[in-house]
Structure formats: C-alpha cells, structure tokens
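So you can see what is in the structure, the chains are spelled out below.
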Amino acid sequence: MRALSRTCFRRITGKIRMEGKSRSGFSTRMGSVGSTAGSQRAKEYHMDKVPVIDVSPLSQGRPQDIADEVRDACSQWGFFQIVNHPIHPTVVGNFQEKMHAFFDLPQNVKDTIRRSQTNSRGFFDDELTKRKRDWKQGFDFGITPASRDSKAVAFSNTPGMSDDDPRHGNLDGFNRFPLEAECPGFRLAMWSYFSALTSLAESMSQAMAIGMGVDGDFFKDQLRDTHTSFLRLNYYPPLASDPKDKPLGISPHTDAGFLTLLLQDDECHSLQVRNRFDDTWHDVTPIPGALTVNTGDMAQVWSNNRYIAPEHRVLGNNTLKRYSAPFFYNPGYQTTVVPIGTCVSEEYPQAYTPLNWGYFRWQRFAGDFADFGTEVQISDFSLDPNRRKEDRVKHQAQFLREFDGGLTAKGAL
C-alpha cells in the first residue's frame with residue numbers, strides 16, 4: 001500500500017457555490033470568491049474580522065444556545081475565537097509550562113522519540129505542508145484504543161502496558177513520550193489538557209450538528225464514541241536571518257478533520273486566515289484566555305460545502321519564538337463521511353462521493369512526512385467529474401479492502 005501513496009496526484013481546486021438562503025438556515029448569499037460582489041458580501045457579513053463567540057452556555061449543557069452563531073461562523077469564515085470556555089486556566093497553564101520544557105530538551109533526547117514513516121506520533125522537525133518544509137518543531141500524541149477504555153492507562157506508565165503495547169495500536173501508530181526523568185510531569189499535563197479539549201470538542205460538535213439541521217447527538221457514533229483525535233505541540237524558532245524569501249512557519253493549508261481547537265501564543269501573533277471572498281490574508285490576533293476554532297475538511301463534506309474549511313498559514317518571525325497547540329478532533333477511522341441529508345437539496349445537490357476518514361488521514365500524513373506528490377484533498381472525491389480524481393477513489397477502495405477495522409492497514413503506517 002505504501003507504494004501507492006507515492007503516486008503523484010494533480011491537485012484540483014474549485015469555487016464553492018454559496019448563493020441564496022438554504023432551508024437549514026445557512027446564510028449563503030455571499031457572492032463568488034474574488035469578485036466585487038464577493039467583497040461587498042464580505043463587508044455585509046462582517047468579514048473584516050474573525051468572529052468571537054461566548055460559549056458559556058456549553059457549561060450548562062446548552063449547545064443549542066450558540067448553534068446559530070457557530071453555524072454562521074463556520075459557513076462564513078470557518079474560523080472563530082471562543083471565550084468563556086470551560087477549560088480551567090490552571091490546566092492550560094500547566095500544559096503550556098510543560099510544552100515549553102519539552103522543546104527545551106536537548107536535541108538528542110527529542111530524537112529518541114522521533115516519529116517515522118510508519119508512526120505518525122512523536123517528535124518531528126521536518127514536516128512538509130503542501131510539499132514545503134515548515135519552519136518549526138512539533139510533537140504529536142493522541143487517543144488510542146486502550147486509552148479510550150481506561151484513562152488511567154493514558155495518564156501514567158501503567159505496569160504491563162507501555163506506549164508500544166499492541167493494545168494501543170491504531171492507524172496513526174503509537175504514542176512516544178519522553179521519560180518522566182527527562183521531562184517531569186509532561187505526560188500528566190499533556191493528558192489532562194487533552195481530556196479537557198476532548199470534552200469541549202464534543203460540545204462544539206453538538207452545536208455544529210444543530211447548525212446543520214440535525215440533532216446535537218448526530219455525530220455520536222462517528223465522533224464522540226470513536227474519535228481518533230490528536231494534540232500537536234508546535235514550536236516556531238525565530239528565523240535564522242532575514243532572507244529575501246522568508247520561509248513560512250506553515251504553508252497555506254486546510255485542516256483535515258472535523259474541527260480544530262487551537263491554543264495560540266499571546267506574545268507572537270503569526271496566524272493568518274484567507275478571506276475567500278476577496279482573497280486577502282487576515283491576522284487572527286488571539287484574545288487572552290480564548291481558544292481559536294476552525295472548521296475542518298470533514299465538516300465541509302458532511303455539511304455539503306455549507307461549512308467551509310478555511311485556508312490558513314503561519315508566518316515566520318525574525319525575533320520572537322512562537323508556541324501553539326492545535327487539537328484535531330477527528331472521526332473514527334472506519335467512518336464514512338458523506339453529505340448529510342439536511343444539507344442536500346435540489347438547489348444544492350450532493351457534492352461528494354463517500355469518503356473514508358482512515359484513508360484520508362493516512363494519505364494526509366503521507367504528504368506531511370514526505371513529498372509523494374500533491375496531498376489528498378476533499379475535492380478529489382467531488383461528484384463533479386471535472387474535479388474528481390478517479391485514481392484517488394480507486395486507491396481508497398483498495399485501502400478499504402486491506403483495512404482491518406481501524407487498527408492497521410497492511411503496509412500503510
């Protein structure tokens with residue numbers, strides 16, 4: 001299977017039809033990308049800045065109270081900040097302290113837990129985004145089958161179950177943490193924050209579901225009970241010089257999963273999102289204590305292009321360090337993602353053929369790790385024959401024939 005991931009696929013992009021008012025309540029009369037009408041609609045829909053949403057109703061179990069605001073933010077920007085979220089500042093502070101401590105470790109220590117082509121988790125400093133090297137270091141870890149069943153396994157080195165125990169095995173590989181003696185308290189701080197983010201993401205997904213015209217528990221089987229989420233730690237060192245062609249911390253891209261919860265750096269503001277209506281880049285300046293949310297590719301498919309996975313990037317900085325931590329809330333590996341019926345109509349016909357998350361995730365990591373050609377995009381699964389990649393659809397079918405239910409794929413990872 002790995003040989004297939006080396007096939008070069010030409011990327012096809014296209015404009016998203018966003019006109020009129022849908023029966024699900026979506027504000028869609030926004031004009032085409034880059035047009036004069038689009039620029040006017042951007043102003044009409046307050047597209048001059050990323051929205052800010054007070055999510056305090058989530059603490060009372062009332063996602064329906066913010067569903068309209070979330071729907072509008074996901075369908076206009078695909079980016080917004082949330083304030084008054086339920087994660088305690090102490091949990092966040094402990095996490096940030098240990099994140100900094102990790103990246104301060106000697107290089108040879110971090111190299112012992114370096115990720116590989118067969119394991120997407122661990123330390124890295126060589127990631128590619130859209131086939132360009134990122135100016136950053138990173139560390140990924142995430143949920144496993146065993147840690148889903150017992151949080152005690154995740155929070156400590158439980159005797160008899162190390163990180164490489166087969167019961168932790170999954171398509172993304174195995175978690176690789178530094179030893180407790182090397183970075184005291186790191187594992188506990190990471191999993192404490194991860195657990196809090198998972199609960200928040202579940203609540204946000206309920207609000208997003210209601211905004212799509214379905215019940216808040218619609219994604220229970222595809223997300224809450226089977227999610228394959230991971231948390232990434234990013235460190236962007238200052239640029240070594242002031243080159244004429246300044247490298248980007250991360251090149252323009254969309255996030256693959258359902259939604260992303262991002263902890264930004266209050267001291268260094270380098271994140272930008274592209275306004276798709278006038279094709280300009282906008283700074284996403286963090287509000288202290290807030291989290292930044294963005295819609296992922298899977299939400300765009302499920303919503304039949306009503307929610308938008310926005311293109312975003314991170315600029316390099318000549319003098320300041322930057323730390324950030326995105327939490328990627330992803331479906332179960334076996335999940336088939338296809339537009340929801342409430343988002344499909346005669347006016348807005350189904351835009352995508354069924355897409356398997358396990359395959360999409362595997363292919364996206366292959367593009368992150370090495371240059372195997374243009375990385376997988378949701379447009380590859382478009383029902384528009386001028387956009388669909390038949391080779392990609394056939395490749396997915398072959399992957400599914402060898403897929404063993406979410407743990408491994410023969411020769412995949």
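I will try to describe carefully the structure that is included in this document. (Residues numbered from 1 in each chain as written. Predicted model: local features only at pLDDT ≥ 70, side-chain atom pairs only at ≥ 80, totals over all residues. Heavy atoms only, no water.)

Our next topic: the overall build of the protein chain. When helices and strands are tallied, the protein chain shows 11 helices and 16 strands. Across the 413 residues of the protein chain, 56% fall into the buried class. The long-range fraction of contacts in the protein chain, counting pairs at least 24 apart against all pairs at least 6 apart in sequence, stands at 76%. As displayed, the protein chain offers around 16900 Å² of accessible surface, 50% of which is attributable to carbon and sulfur atoms. (Helix = DSSP H or I, 4+ residues; strand = E, 2+ residues; numbered from the N terminus. Buried < 20%, exposed > 50% of the residue type's maximum accessible area, 1.4 Å probe, protein only. Contact = heavy atoms within 4.5 Å. Areas by Shrake-Rupley, 256 points an atom, 1.4 Å probe, with all protein chains shown as cover.)

Here the focus is the packing of aromatic side chains. Geometrically, a pair of aromatic rings is defined through the distance of the ring centres and the angle of the planes. Across all of its chains, the model carries 29 aromatic pairs by this definition. The aromatic ring of Phe 124 is capped on one face by Arg 115, whose charged end is 3.9 Å from the ring centroid. (Phe/Tyr/Trp six-rings, centres within 6.5 Å; stacked < 30°, edge-to-face > 60°. Lys NZ or Arg CZ within 6 Å of the ring centre and 35° of its normal.)

Okay, the sheet that holds strand β3 (residues 122-124) next. Strand order in this open sheet of eight strands is β1-β2-β12-β9-β14-β7-β6-β3, and the pairing throughout is mixed. Edge positions in the sheet fall to β1 (52-54) and β3, since each of these pairs with one other strand and no more. Mean inter-strand twist for the sheet, computed between neighbouring axes without regard to direction, equals 25°. Bridging between strand β7 (residues 230-236) and strand β14 (residues 322-329) involves five bridges; their strand directions are antiparallel. (Pairing = 2+ DSSP bridges. Axes fitted to C-alpha atoms, helices over the stretch in contact; angles between N-to-C directions.)

What follows covers unusual backbone geometry. The phi angle at Asp 279 is positive, at roughly 60°, despite the residue not being glycine. Here Asp 279 lies in the loop between β10 (271-275) and β11 (280-283). On the basis of relative accessibility, which here comes to 48%, the residue Asp 279 falls in the partly exposed class. In the Ramachandran plot, Asn 304 falls in the positive-phi region, its phi being about 60° despite a non-glycine side chain. Here Asn 304 is to be found in the loop between α9 (297-302) and β13 (312-314). We classify Asn 304 as buried; its relative accessible area is 4%.

It is worth spelling out the pairing of β7 at this point. Burial runs high along β7: seven of the seven residues are buried. Every second residue of β7 is oriented toward a common face, with Phe 230, Arg 232, Asn 234 and Tyr 236 on one face and Leu 231, Leu 233 and Tyr 235 on the other, all of them buried. Both strand β6 (residues 137-142) and β7 contribute to a ladder of six bridges, which runs antiparallel. Looking at β7, one finds that Gln 137 is bridged to Tyr 235.

What follows concerns the pattern of salt bridges. Throughout the structure, instances matching the rule amount to 18 salt bridges. Asp 140 is the partner of Arg 232 in a salt bridge, and the nearest nitrogen-oxygen pair spans 2.7 Å. Taken together, the residues Arg 232 in strand β7 and Asp 140 in strand β6 connect sequence positions 92 residues apart. For the pair formed by Arg 232 and Asp 140, the shared burial category is buried. When salt bridges that share partners are traced, they join Asp 68, Arg 71 and Asp 72 into one network. (Salt bridge = Lys/Arg side-chain N within 4 Å of Asp/Glu carboxyl O.)

For Ser 147, the position within the fold is in helix α5 (residues 145-149). Residues Ser 147 and Arg 167 lie 20 residues apart in sequence; the distance between their C-alpha atoms is 9.0 Å. Engagement of the side chain of Ser 147 in a polar contact is seen with the backbone nitrogen of Thr 144, the distance being 2.8 Å. (Polar contact = N/O pair within 3.5 Å; in protein donor to acceptor, adjacent residues only side chain to side chain.)

Among the secondary structure elements, Ala 351 is positioned in the loop between β15 (336-337) and β16 (355-356). Taking the relative accessible area as the measure of exposure, Ala 351 reaches 18% and is therefore buried. Among all residues touching Ala 351, those that are not within four sequence positions of it are Asn 304, Asn 305, Pro 339, Phe 381, Ser 382 and Leu 383.

It is worth spelling out the packing of helix α2 (residues 67-76) against helix α7 (residues 186-211) at this point. Two elements in contact, α2 and α7, have axes separated by 8 Å at closest approach and are oriented at 80°. Of the possible angle classes, the one that applies to α2 and α7 is roughly perpendicular. On α7, the residues touching Ala 67, Val 70, Arg 71 and Cys 74 of α2 are Met 204, Ala 207, Met 208, Ile 210 and Gly 211. Grouping the constituent residues of the contact of α2 with α7 by class yields seven nonpolar, one polar and one charged. (Parallel < 35°, antiparallel > 145°, perpendicular 65-115°, else oblique. Nonpolar A, V, L, I, M, F, W, Y, C, P; charged D, E, K, R; others polar.)

Turning our eyes to something else, we now look at the pairing of β11. Bridging between β10 and β11 involves four bridges; their strand directions are antiparallel. Bridge pairing in β11 links Gln 272 to Asp 283. The turn joining β10 and β11, which pair antiparallel and follow one another in sequence, is formed by four residues; a positive phi near 60° is taken by Asp 279.

Right, let's talk about the side chain of Lys 110 for a bit. Following the sequence through the fold, Lys 110 ends up in helix α4 (residues 107-111). A polar contact is formed between the side chain of Lys 110 and the side chain of Gln 137, at a distance of 2.9 Å. Beyond its immediate chain neighbours, meaning those up to four positions away, Lys 110 contacts Phe 102, Phe 103, Leu 105, Phe 123 and Gln 137.

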